[in-house]
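Tertiary structure, described
So the chains spell out like this:
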Amino acid sequence: MEEIKVLEELESKPQTGRTVAGIVNSIETLEGGGFLVHRPFPQASLSEFDPFLLLDEMGPVTVGPNQAKGAPDHPHRGFETVTYMLSGEMEHKDSHGHAGKLTPGDVQWMTAGAGVIHSEMPSQKFQRSGGKLHGFQLWVNLPRTNKMMRPRYQEIPAAKIPSASTEDGLVSVRVIAGEALGARAVIETVTPIMYLHFTIAPGGELSQPAPRGYNAFAYVVSGAGLFGADEELGRKQQLVMLAADGDEVFIGNPANSGAPLELLLIAGVPLNEPVARYGPFVMNTRAEIYQAIEDYQSGRMGAIDF
């Protein structure tokens, strides 16, 4: 009955733009040193979403002093990790001498390329005080020609993430990658990627351009809303897969919803290349995976020593 009521509250939209190809529930799991994540993919019901390899919602969880967990030293090769913090603080170190801290609203776009040893741990300040930890990590595959590129970091503080809103003030967006509502991201991506964080007040709606050649999905962070030309209902911690049958995505928050709709809209050009995957290594062939393992075990990826 609730879904029927929600659908009746929103005016019927013309059947244009992308439709919804399916809705996937997240699974709850523990990662790294034991921190809670909600994962829409990869899992049994959605094993891959080219060019994206993984999406983890870290938390949300509230921890007491000295209870926060992280991911100690671990290797990466052949892809990119995008860490986006909503609350809490994380410190990063790697085998190339990089060190940084992520606070609420910050983004780290790390291109592992040829390989790094990486550590992601709660900051000392957050560890001492405890509090709410909430964020996202997206893994983006690299094309064959860029698999072994030199590792690089793009770390953007919250204040420098472009943002925009509609004239009526009902829709706002933070543009991590790509473009929305006239705002363009400052992050450079290896292949075309769209990564948008929308907040839509009750009664708000928009049609966001999303090129037909992109694979696209929405992940509901909080609230519930209607997605696609067929106005499918998506709820908190669900992933809404969008069909490649249009050049825009309709998103609406019914006027009677009583709460904002918060979501990530993510899209990218599929690579259409073979994927060989073993833990934190993503290559094109099994032989390249064996080489990555050998390089890691022999110390050729270096070590975190500071």
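Each remark here, short or long, concerns the structure printed above.
My aim in this report is to walk through the structure given alongside it, one point at a time.

**Observations regarding the overall build of the chain**
Across its full length, the chain holds three helices and 26 strands. On C-alpha atoms alone, the chain measures out to a radius of gyration of 19 Å, which is about the 19 Å that the 2.2 N^0.38 rule sets for 306 residues. Along the longest, intermediate and shortest principal axes, the C-alpha atoms of the chain span 60 × 45 × 35 Å. Looking at the chain as a whole, 53% of its 306 residues qualify as buried. Within the chain, residue pairs in contact and separated by at least 24 positions form 72% of the contacts whose partners lie at least 6 positions apart.

**Regarding the pattern of salt bridges**
Oppositely charged side chains are able to pair whenever their charged atoms sit close together. Per the stated rule, a full pass over the model turns up six salt bridges. One salt bridge in this structure joins Arg-77 and Asp-295, with 3.0 Å as the shortest N-O distance. With a gap of 218 residues between them, Arg-77 in the loop between β5 (71-76) and β6 (79-87) and Asp-295 in helix α3 (residues 286-297) connect regions that are remote in the sequence. Residue Arg-77 is classed as buried on the basis of its relative accessible area, which comes to 6%. With a relative accessible area of 9%, Asp-295 lands in the buried category. Several salt bridges converge on common partners, so that one network encompasses Arg-77, Glu-294, Asp-295 and Arg-300.

**What about the sheet that holds strand β23 (residues 248-252)?**
Read across the sheet, four strands follow the order β18-β23-β20-β21 without closing on themselves; strand pairing throughout is antiparallel. In this open sheet, the two edge strands, each paired with only one partner strand, are β18 (205-209) and β21 (232-235). When strand polarity is set aside, the average angle formed by the axes of neighbouring strands in this sheet is 30 degrees. Pairing between β18 and β23: five bridges, direction antiparallel. In the sheet register, Leu-206 faces β23, and the bridge partner there is Ile-251.

Conventions adopted
Residues numbered from 1 in each chain as written. Predicted model: local features only at pLDDT ≥ 70, side-chain atom pairs only at ≥ 80, totals over all residues. Heavy atoms only, no water. Helix = DSSP H or I, 4+ residues; strand = E, 2+ residues; numbered from the N terminus. Rg over C-alpha atoms; globule rule 2.2 N^0.38 Å. Buried < 20%, exposed > 50% of the residue type's maximum accessible area, 1.4 Å probe, protein only. Contact = heavy atoms within 4.5 Å. Salt bridge = Lys/Arg side-chain N within 4 Å of Asp/Glu carboxyl O. Pairing = 2+ DSSP bridges. Axes fitted to C-alpha atoms, helices over the stretch in contact; angles between N-to-C directions.

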